[in-house]
Amino acid sequence: AQSVTQLDSQVPVFEEAPVELRCNYSSSVSVYLFWYVQYPNQGLQLLLKYLSGSTLVKGINGFEAEFNKSQTSFHLRKPSVHISDTAEYFCAVSGGNTGNQFYFGTGTSLTVIP
Amino acid sequence: GAVVSQHPSRVICKSGTSVKIECRSLDFQATTMFWYRQFPKQSLMLMATSNEGSKATYEQGVEKDKFLINHASLTLSTLTVTSAHPEDSSFYICSASPSGGAIIQYFGAGTRLSVL
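What counts, and at which threshold
- Residues numbered from 1 in each chain as written.
- Chains lettered and ligands numbered in written order.
- Predicted model: local features only at pLDDT ≥ 70, side-chain atom pairs only at ≥ 80, totals over all residues.
- Heavy atoms only, no water.
- Helix = DSSP H or I, 4+ residues; strand = E, 2+ residues; numbered from the N terminus.
- Rg over C-alpha atoms; globule rule 2.2 N^0.38 Å.
- Buried < 20%, exposed > 50% of the residue type's maximum accessible area, 1.4 Å probe, protein only.
- Contact = heavy atoms within 4.5 Å.
- Buried area = accessible area lost by both parts, 1.4 Å probe.
- Salt bridge = Lys/Arg side-chain N within 4 Å of Asp/Glu carboxyl O.
- Polar contact = N/O pair within 3.5 Å; in protein donor to acceptor, adjacent residues only side chain to side chain.
- Core = buried A, V, L, I, M, F, W, Y, C linked by side-chain atoms within 4.5 Å.
- Pairing = 2+ DSSP bridges.
- Axes fitted to C-alpha atoms, helices over the stretch in contact; angles between N-to-C directions.

Chemist: Explain the overall build of chain A here, please?
Modeler: The helix and strand inventory of chain A stands at zero helices and 12 strands. Each helix and strand of chain A, placed in order from N terminus to C terminus, yields the pattern β-β-β-β-β-β-β-β-β-β-β-β. Taken over the C-alpha trace, chain A has a radius of gyration of 14 Å; the compact-globule value for 114 residues is 13 Å, and the two agree within 12%. Reported as C-alpha extents along the three principal axes, the dimensions of chain A are approximately 45 × 30 × 20 Å. Here chain A, with 114 residues, has 45% of them falling under the buried criterion. Long-range contacts, defined as pairs at least 24 residues apart, comprise 55% of the intrachain contacts of chain A with a sequence gap of at least 6.

Given below as structure tokens:
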């Protein structure tokens, strides 16, 4: 079965600084990878996804992520964060031998400091 | 883009009552819908997978008689929390996969359930 590890539960960063949120997954077969953002008391919004093709994926709000098969990672990056980026970020994996079920990481709380 | 509507957004009820939560795909047909539960400061835990016209598949540890799921049409799934107790208080989120797609899930805004 697939699993997802988000090593950083909380990431504080100053406004306009770069940020990287780490995500590692475990799977013996090809999978699809996703990053979602959740604002307080709201559902999840898709930031970006990797299905196939280019390993560098660009998403909304200036975020991007790179799929690294050898390191089984899918880290999320943004070169310059804004106050409005403060939210909870979830990495998720699906596909492989579990079909379309999603497995989520425990989340990373990003706090942008003015 | 694909929109999933979840209603109500917040519900407060007395212990022992039942609560129904609706999940609708507004602009696409969803063969499969998923129900998640999220505790404060934690990730989403899949409760069940709902396929239109068939019984839901529940994850291990989820009580089928407690959390009744109905997926009567390609655009509507409902989750009923029966005889709710304070420990059922949580944030419930649904998602839907377009028919024939299944790779992508679109999420509702969630329902905050508080059982007094």
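Chemist: Whenever I open this one, the side chain of Ser50 of chain B confuses me. Can you help?
Modeler: Within the fold, Ser50 of chain B resides in strand E5 (residues 44-51). On the basis of relative accessibility, which here comes to 1%, the residue Ser50 of chain B falls in the buried class.

Chemist: What is the right way to look at the interface of chain A and chain B in this model?
Modeler: When the parts come together, some accessible area is lost, and that loss is often what is quoted as the size of the interface. In this assembly, 18 residues from chain A lie in contact with 21 residues from chain B. Together, the buried faces of chain A and chain B total about 1,500 Å²; carbon and sulfur atoms form 58% of this surface. Our count for the contact surface shared by chain A and chain B stands at zero salt bridges. The tally of links from chain A across to chain B stands at four residue pairs in polar contact (both at pLDDT 80 or more).

Chemist: I keep staring at the nonpolar core and nothing clicks. Help me out?
Modeler: The nonpolar side chains of a soluble globular protein tend to be buried with one another. Among the nonpolar cores identified, the biggest contains 27 residues, and Leu33, Trp35, Leu47, Leu48, Phe74, Leu76 and Tyr89 of chain A are the most heavily contacted of them. Counting residues per element, the ones that place at least two in this core are strand E2 (10-14), strand E3 (19-21), strand E5 (32-38), strand E6 (44-50), strand E8 (64-68), strand E9 (73-78), strand E10 (87-94) and strand E12 (108-113) of chain A. For this core, the leading source of residues is E10 of chain A, giving four residues. Once residues within four sequence positions are removed from consideration, Leu33 of chain A is found in contact with Tyr25, Leu48, Lys49, Tyr50, Phe67, Phe74, Ala92 and Val93 of chain A. In terms of nonpolar packing, the next biggest core, distinct from the first, is built from 24 residues, Ile21, Trp35, Ala48 and Phe67 of chain B among them.

Chemist: Hey, could you run me through the pattern of salt bridges in this one?
Modeler: Side chains bearing opposite charge may pair, as long as their charged atoms lie close to each other. Applying the stated criterion to the full structure yields seven salt bridges over all chains. Residues Arg22 of chain A and Asp8 of chain A are paired through a salt bridge, measuring 2.8 Å at the closest nitrogen-oxygen approach. Of the two residues, Arg22 of chain A is situated in the loop between E3 and strand E4 (24-26) and Asp8 of chain A in the loop between strand E1 (3-5) and E2; the sequence distance between them amounts to 14 residues. On the basis of relative accessibility, which here comes to 31%, the residue Arg22 of chain A falls in the partly exposed class. Glu22 of chain B is the partner of Arg24 of chain B in a salt bridge, and the nearest nitrogen-oxygen pair spans 3.5 Å. Take Arg24 of chain B: its relative accessible area is 34%, and that puts it in the partly exposed class. Taken together, the shared-partner salt bridges in this structure form one network comprising Glu20, Glu66 and Arg77 of chain A.

Chemist: It is not clear to me how the sheet that holds strand E3 (residues 19-25) of chain B should be interpreted in this structure. Could you clarify?
Modeler: Sheet strands pair by backbone hydrogen bonding; their relative direction is either parallel or antiparallel. Residue and element names in this part refer to chain B. With antiparallel pairing, the four strands of this open sheet are ordered in space as E1-E3-E8-E7. Whereas interior strands pair on both sides, the edge strands pair on one side only; in this sheet they are strand E1 (4-7) and strand E7 (67-73). Each neighbouring strand pair of the sheet contributes to a mean axis angle of 15 degrees, computed without reference to strand direction. Here E1 runs beside E3; their pairing, made up of four bridges, is antiparallel. Each bridged residue has a counterpart across the sheet, and for Val4 the counterpart in E3 is Ser25.

Chemist: I'm lost on the environment of Pro98 of chain B in this one. Help?
Modeler: All names here are of chain B. Mapping Pro98 onto the fold places it in strand E9 (residues 90-98). For Pro98, a relative accessible area of 25% puts it in the partly exposed group. In this structure, the C-alpha to C-alpha distance between Pro98 and Pro8, residues 90 residues apart in sequence, is 22 Å. Dropping the residues within four chain positions of it, Pro98 is found in contact with Phe28, Gln29, Ile104 and Tyr106.

Chemist: Please clarify how unusual backbone geometry should be interpreted in this entry.
Modeler: Working note: non-glycine residues mostly have negative phi, and peptide bonds are mostly trans. Going from His7 of chain B to Pro8 of chain B, the amide bond is cis rather than trans, its omega being 0 degrees. One can find Pro8 of chain B in the loop between E1 and strand E2 (10-13). The backbone of Glu16 of chain A sits at a positive phi, close to 75 degrees, despite the residue not being glycine. Looking at the element boundaries, Glu16 of chain A is found in the loop between E2 and E3.

Everything listed is a geometric property; what it means functionally is a separate question.
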